[in-house]
Amino acid sequence: MAEGRKIIAQNRKARFNYSIEDSLECGIVLEGTEVKSVRAGSVSFADSFALIENDEVWIQNFHISEYSYSSVFNHSPDRKKKLLLHKDQIKRLKRKVEEKGYTLIPLDFYLKDGKVKVTLGVCKGKKQYDKRADIRERDINRDMAREFRKGLQG
């Protein structure tokens, strides 16, 4: 883990349901109370995705709960949020997403030097047999680690 980087949330479901072709770090535009809620870890992005509209990248279905200690001036929890990228990065993402089967999925949220960052992945959906192969591989690795620990203990 890099210095000055604190992981807030990871999207493990995306890593299981999608094969990740490429990933990209980008900033996110947040309001004041949203930043405080994100720092508290009250985020939910299980089914969130990103869209490219008018050469801007927007993340949707990303829920940031209202900050409990704020007053009337709280944020809307389900509004779409803008992601900060360079123009050439957006063009590259746009070309990739126009291919069949590719989508933009947020993989994790973290604080980097006091700023909220998102790792955006260019992903392609896995088939059912790919998911079964991943489960089988995970079970084999778990069994090997168990046997290795038994060998070390006695």
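First, a word on scope: everything that follows refers to the structure included in this document. (Residues numbered from 1 in each chain as written. Predicted model: local features only at pLDDT ≥ 70, side-chain atom pairs only at ≥ 80, totals over all residues. Heavy atoms only, no water.)

### Some points on the overall build of the protein chain
And then number 1: Across its full length, the protein chain holds four helices and nine strands.
And then number 2: Order of helices (α) and strands (β) in the protein chain, N terminus to C terminus: β-α-β-α-β-β-β-β-β-α-β-β-α.
And then number 3: For the C-alpha atoms alone, the extent of the protein chain along its principal axes is close to 60 × 40 × 30 Å.
And then number 4: Counting only residues that meet the buried cut, the protein chain has 31% of its 154 residues in that class.
And then number 5: Contacts in the protein chain between residues far apart in sequence, at least 24 positions, make up 67% of those at least 6 positions apart.
And then number 6: Each charge class in the protein chain was averaged separately, 32 positive and 23 negative side chains, and the resulting centres sit 2 Å apart. (Helix = DSSP H or I, 4+ residues; strand = E, 2+ residues; numbered from the N terminus. Buried < 20%, exposed > 50% of the residue type's maximum accessible area, 1.4 Å probe, protein only. Contact = heavy atoms within 4.5 Å. Lys, Arg positive; Asp, Glu negative; His and termini not counted. Charge placed at Lys NZ, Arg CZ, Asp CG, Glu CD.)

### Considerations on unusual backbone geometry
And then number 1: In this model, Asn61 sits at a positive phi of 60°, which is unusual for a non-glycine residue.
And then number 2: Relative to the helices and strands, Asn61 resides in the loop between strand 5 (56-60) and strand 6 (63-64).
And then number 3: At Asp113, a position not held by glycine, the phi torsion is positive, near 55°.
And then number 4: Within the fold, Asp113 resides in the loop between strand 8 (102-112) and strand 9 (115-125).

### Comments concerning the nonpolar core
For soluble globular proteins, the rule of thumb is that nonpolar side chains tend to be buried together.
And then number 1: One finds Ile28, Phe62, Leu83 and Leu120 to be the most contacted residues of the largest nonpolar core, which totals 25 residues.
And then number 2: Those elements giving two or more residues to this core turn out to be strand 2 (18-28), strand 5, helix 3 (87-98), strand 8 and strand 9.
And then number 3: Every residue in contact with Phe62, bar those within four places of it in the chain, is listed here: Ile28, Val43, Ser44, Phe45, Ser48, Pro77, Asp78, Arg79, Lys81 and Phe109. (Core = buried A, V, L, I, M, F, W, Y, C linked by side-chain atoms within 4.5 Å.)

### Some remarks on the side chain of Lys81
And then number 1: Locating Lys81 in the fold gives a position in strand 7 (residues 81-84).
And then number 2: Buried within the structure, Lys81 lacks any salt-bridge partner; Glu34 is the closest side chain of opposite charge, at an N-O distance of 4.1 Å.
And then number 3: A distance of 2.5 Å separates the side chain of Lys81 from the backbone oxygen of Arg79, its partner in a polar contact.
And then number 4: Leaving out residues up to four positions away in the same chain, Lys81 has contacts with Ile28, Val29, Leu30, Glu34, Val57, Trp58, Ile59, Phe62 and Ile64. (Salt bridge = Lys/Arg side-chain N within 4 Å of Asp/Glu carboxyl O. Polar contact = N/O pair within 3.5 Å; in protein donor to acceptor, adjacent residues only side chain to side chain.)

### Some points on the pattern of salt bridges
Where charged atoms from two side chains of opposite charge approach closely, those side chains can pair.
And then number 1: Under the counting rule described, the total for this entry stands at eleven salt bridges.
And then number 2: The partner of Asp55 in a salt bridge is Lys94, and the shortest N-O contact between them spans 3.4 Å. Placement of Asp55 in the loop between strand 4 (49-53) and strand 5 and of Lys94 in helix 3 is noted, with a sequence separation of 39 residues between them.
And then number 3: The class of Lys94 is partly exposed, set by a relative accessible area of 32%.
And then number 4: One salt-bridge network, held together by shared partners, links Glu31, Glu34 and Arg79.

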